Amino acid sequence: MQHDEQVRLIKQLCAHLDAGTNEDAGGLRRLPTATFTDSARSEREWNEFFMATPQCIGMSGDLPEPGSFLTNNDLGIPILATRDQDGSFKAFVNSCRHRGAIVETEERGTARRFSCPFHAWTYDTGGALVGLPKSEHFGDVDKSCLGLRPLAAEERHGLLFVHPDPEAAIDLDQLLGEWFNDEFPTWNFAELVPLTRQVFDTECNWKLAMDTFGETYHFSVLHKNTLFNGFHGNVQCYDEAGHLHRMILCKRDIDAMRLLPEEQWDITVAGLPVYWIFPNVILLPLDAGCFLVRAYPDRNDPGRHVSRVSFYLKPSLAAMGDEMTAFATDIAEKFSHVIRDEDYAMASSQQTAANSGTLSHVIFGRNEPALHHYHNTYLALLGLEQLPLLDEASVTNTM
Ligand code: FES
Ligand SMILES: [Fe+2]
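Parameters and conventions
- Residues numbered from 1 in each chain as written.
- Chains lettered and ligands numbered in written order.
- Predicted model: local features only at pLDDT ≥ 70, side-chain atom pairs only at ≥ 80, totals over all residues.
- Domains from an automatic or database assignment.
- Contact = placed C-beta atoms within 7 Å.
- Helix = DSSP H or I, 4+ residues; strand = E, 2+ residues; numbered from the N terminus.
- Nonpolar A, V, L, I, M, F, W, Y, C, P; charged D, E, K, R; others polar.
- Pairing = 2+ DSSP bridges.
- Core = buried A, V, L, I, M, F, W, Y, C linked by C-beta atoms within 7 Å.
- Buried ≥ 20, exposed ≤ 12 C-beta atoms within 10 Å, placed from the backbone.
- Axes fitted to C-alpha atoms, helices over the stretch in contact; angles between N-to-C directions.

*Asks:* It is not clear to me how the domain arrangement of the chain should be interpreted in this structure. Could you clarify?
*Replies:* Assigned domains of the chain: these are domain 1 (3–53 + 178–398) and domain 2 (55–162). Between domain 1 and domain 2, the C-alpha centre-to-centre distance is 33 Å. Contact residues are listed per partner, giving 17 residues for domain 1 and twelve residues for domain 2. Sorting elements by how many residues they give to the side of domain 1 that touches domain 2 places strand β18 (residues 289–298) first, with three residues. Along the lines of polarity and charge, the residues of the side of domain 1 that touches domain 2 split into 14 nonpolar, one polar and two charged.

This is how it looks when you write it as structure tokens:
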């Protein structure tokens, strides 16, 4: 983030702290709880936000060298992503062109060749079919036509995007817009080193998981023994640009930092940026690295989702040796467990209410603007009616 923008945001946080204010959405909105239970809605989200939208499958550091690969089946599309010999990022359907078996079964690693476990058809890191055993018996097929089926893949600003539809192209400018291109390069995400990866299979809709990142109103209550020790609750900055929005959560370290000259101000000391990348990605850049959170629906159960929470460490810290790595791993896992044990525990209990059908709506407050934006963004993309902005009185009267 540019330093002048950091200073602007830090001043905004200080102003909120001094005045006892927070961002104000200008009103409240009510959201039907069927949003989290309706199978027809879920199917539309699946088709439009997941099957028809480029997906972030990781960061550049997940494919650190030529021959590095990772596999992914989060959307029921088997994906093999590789760093090709020339350093380029590639992605393929991880299904053999012979009879469709999964070619690479490991989650990640390094390989020059991928050999199918069924009959050993073999592919290179660029997806070309380079080995077909006993071809004189199988048939003299044209190997050049039978490489792994490519998927559109693009690496930008340290993030890896793949389109799960083999027929589709990626348009990251359309997905992410100018803001992404201006601000994301300043974080140097491409240099980060993967450190921890956790998977949380949770009994809540994927959007409820996303919602837990959308406000700090809950910090002094839900996180009173954890995050609230390091953060001021119920104060944040909030900005949006198209599909994206960015919050800055307010760290208690701002209290000492604001006394320093502005040239020494650092947004990662004063706060925690939270970027929401449509549809299912939360990025949290820290002074030590970055958390990447991805939430995947269960196609057959709107009340369940899987979150992947990964932490990537700055290379300067990774180079400091085992002690630093162990320390950073411990911190990253503790933070991930706050997400699992506190935030996602609430998301599951919200899902229980939604499943019971006993509450028709829930309410987003004036101090939860990211939730207003998030829900109205996907409603607009589905061509559905926006949640209207309400004043306090009309919320009371319509409940
Ligand atoms: S299915 Fe892969 S080699 Fe036969
Ligand atoms: Fe939280």
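*Asks:* How do you make sense of the sheet that holds strand β3 (residues 68–72) when you look at a structure like this?
*Replies:* What holds strands together in a sheet is hydrogen bonding between their backbones, with the strands either parallel or antiparallel. Pairing is antiparallel across the open sheet formed by five strands, whose spatial order is β6-β3-β4-β5-β10. Across the chains shown, the open sheet's two edge strands, defined by having one partner strand only, are β6 (108–110) and β10 (150–151). The pairing of strand β5 (residues 89–93) with β10 spans two bridges and is classified as antiparallel. Paired with Phe92 across the bridge in β10 is Pro150.

*Asks:* I would appreciate a short explanation of the nonpolar core in the present structure.
*Replies:* Within soluble globular proteins, side chains that are nonpolar tend to cluster in buried spots. In this structure, Leu13, Leu80, Ala81, Val162, Tyr312 and Leu313 are the most contacted members of the largest nonpolar core, which totals 86 residues. When we break this core down by domain, the ones giving at least three residues each are domain 1 (3–53 + 178–398) and domain 2 (55–162). Excluding anything up to four places from it in sequence, Val162 contacts Pro54, Gln55, Ile57, Ile79, Ala81, Ala91, Leu151 and Ala153.

*Asks:* Is there a simple way to explain the pairing of β3 in this structure?
*Replies:* Residues in a regular strand project their side chains so that they alternate between the two faces of the sheet. Burial within β3 is extensive, with four of its five residues counted as buried. Where β3 lies against β6, three bridges are found, and the strand directions are antiparallel. Across the sheet, the residue bridging to Leu70 is Arg108, located in β6. Pairing of β3 with strand β4 (residues 79–83) involves four bridges; the strand directions are antiparallel. Of the residues in β4, the one forming a bridge with Thr71 is Leu80. Here β3 folds back onto β4, and the loop between the two strands holds six residues, one of which, Gly76, carries a positive phi near 75°.

*Asks:* Is there a simple way to think about the sheet that holds strand β15 (residues 244–251) in this case?
*Replies:* Read from one edge of the open sheet, seven strands run β13-β19-β18-β17-β16-β15-β14, paired in antiparallel fashion. With one partner strand each, in any of the chains shown, β13 (193–202) and β14 (231–241) form the two edges of the open sheet. This sheet shows a mean twist of 20° between the axes of neighbouring strands, independent of strand direction. Bridging between β15 and strand β16 (residues 271–277) involves six bridges; their strand directions are antiparallel. Along β16, the bridge assignment pairs Met247 with Val274. Across the face of the sheet, helix α2 (residues 39–51) comes into contact with β18 and β19 (301–313) while running at roughly 130° to β18.

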